[in-house]
Amino acid sequence: MDSADRVWLLFAVLLVYGAQGAVHEAAEQALVATAMDEKRLGAFNGLRMTANESTKLIAPLAAAGLFAACGGGTVALLDAASFALAAGLFALIPVREERPARPESRHWWRETTEGARLLLASPVLRPLVATGAFTMLLAGVNGAAVYAVVDRGLGHAPAYAGVLYAVQGAGSVLAGLVTGPLLRRIPERALAAAGLGLFAVAVGVRALPYDATALAASAAIGLGMPWVLVAVMTAVQREAPAEALGRVAATAHTLVMAPNALALALGAGLVALVDVRVLLPALALAGTGWAAAVTVRARRGRGREPAAGSASVPVG
């Protein structure tokens, strides 16, 4: 960007990028549910998480090298070409999809809010999406506190946060590999509760002023948080009616991820006012309490929920 009056282009690109991400996420969820055997959804979603996190470990370093060698314009064009290549590969996937039937009476507001209505009506999806949203809320505050942990707690330069994030990414890669086998043995809600519990304990441990505990906590955060996200994703694919899966997936994705952005801003303010040795244990207490509540409710409701794969909410 060679002129300040062209900065708006960056914001325009980011806006379009965010919009396409939301549309892509919903369409991909529906496509996966159509193309994959239901029993393999958990394993596929876990491997997808591993692929994403593995790329995140490599791509920033590669991009930085390309930027230094070739400039931002070349990197942007290469990135755009990678999106076009991915779109072409999606188009080549050999899957037969039925065109959704149009309702007899169409109303834009009803169709827009259909995903939220179906989520609220589902005894399976409602607590899972709420757990995912709460996890990402805690994750946002925790993310805002990372540099305070590095500076005040560990006494390192800010660059050390990159080491913690790399270890967290390695934990997420491992999480994706073990999620499939876990979901073949336990239900989605149990995996989400376990993931939130592990994440919360790790956040509390991060308050200790030792490099070893900080690294272990980062790995555990990377392991636990994806369990929650994959559990929500897999449950949506299993439980949402096929004709409304895209809308339910888009709504679930928004409800789960939006708290993270809000919590980053909230966390920045809290870090300035509250010592991380107090803030992080408080987050841990809130997270473990929620995980325990989810576990208790799941045990009480066992046998009353619809079987996995059945349409748990009516459409209409």
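Residues numbered from 1 in each chain as written. Predicted model: local features only at pLDDT ≥ 70, side-chain atom pairs only at ≥ 80, totals over all residues. Heavy atoms only, no water.

Asks: Sorry, what's going on with the nonpolar core here?
Replies: Ranked by internal contacts, the top residues of the largest apolar core, which has 58 residues, are Leu 196, Phe 199, Val 236, Val 248 and Leu 280. When contributions to this core are tallied by element, the ones reaching two or more residues are helix H4 (108-121), helix H5 (125-144), helix H6 (146-153), helix H7 (160-183), helix H8 (188-205), helix H9 (211-239), helix H10 (245-273) and helix H11 (276-301). No other element matches the 14 residues that H9 contributes to this core. If we skip the residues at most four places from it in the chain, Phe 199 touches Thr 135, Leu 138, Ala 139, Ile 221 and Met 225. (Core = buried A, V, L, I, M, F, W, Y, C linked by side-chain atoms within 4.5 Å. Buried < 20%, exposed > 50% of the residue type's maximum accessible area, 1.4 Å probe, protein only. Helix = DSSP H or I, 4+ residues; strand = E, 2+ residues; numbered from the N terminus. Contact = heavy atoms within 4.5 Å.)

Asks: In this structure, what is going on with a nonpolar patch on the surface? I would like to understand it.
Replies: A contiguous nonpolar surface patch, about 400 Å² in accessible area, is contributed by Val 7, Leu 10, Phe 11 and Leu 14. Looking at the secondary structure, you find Phe 11 in helix H1 (residues 7-35). (Patch = residues over 30% accessible without salt bridge, like charges linked within 9 Å, V, L, I, M, F, W, Y side chains within 5 Å. Areas by Shrake-Rupley, 256 points an atom, 1.4 Å probe, with all protein chains shown as cover. Salt bridge = Lys/Arg side-chain N within 4 Å of Asp/Glu carboxyl O.)

Asks: Would you take a moment to explain the side chain of Glu 53 for this structure?
Replies: Here Glu 53 is to be found in helix H2 (residues 41-70). The exposure class of Glu 53 is buried, given its relative accessible area of 13%.

Asks: Teacher, can you tell me more about the packing of aromatic side chains here?
Replies: We describe a pair of aromatic rings using the distance from one ring centre to the other and the angle between the two ring planes. Evaluation of the coordinates by the stated rule reveals two aromatic pairs. Residues Tyr 17 and Phe 83 carry aromatic rings whose centres are separated by 6.0 Å and whose planes lie at 80 degrees to one another, so their mutual orientation is edge-to-face. Taken together, the residues span a long stretch of sequence, with Tyr 17 in helix H1 and Phe 83 in helix H3 (residues 72-91) at a distance of 66 residues. Geometrically, the ring pair formed by Phe 134 and Trp 290 is stacked, given 4.2 Å between the ring centres and 10 degrees between the ring planes. Of the two residues, Phe 134 sits in helix H5 while Trp 290 sits in helix H11, which places them 156 residues apart along the sequence. (Phe/Tyr/Trp six-rings, centres within 6.5 Å; stacked < 30°, edge-to-face > 60°.)

Asks: For this particular structure, what's the right way to read the environment of Ala 291?
Replies: With respect to the helices, strands and loops of the structure, Ala 291 is situated in helix H11. Taking the relative accessible area as the measure of exposure, Ala 291 reaches 6% and is therefore buried. Considering only alpha carbons, one finds Ala 291 and Gly 195, 96 residues apart in sequence, at a separation of 8.4 Å. Not counting residues up to four positions away in its chain, the partners in contact with Ala 291 are Ala 193, Leu 196 and Gly 197.

Asks: What exactly am I supposed to notice about the pattern of salt bridges here?
Replies: Where charged atoms from two side chains of opposite charge come close, those side chains can pair. Evaluation of the coordinates by the stated rule reveals three salt bridges. Notably, a salt bridge pairs Glu 188 with Arg 238, separated by 2.6 Å at the nearest N-O pair. One end of the pair, Glu 188, is in helix H8; the other, Arg 238, is in helix H9, with 50 residues separating them in the sequence. The same class applies to Glu 188 and to Arg 238, which are both buried. A salt bridge links Asp 275 to Arg 277; the nearest nitrogen and oxygen atoms lie 2.8 Å apart. Using a relative accessible area of 31% as the deciding quantity, one classes Asp 275 as partly exposed.

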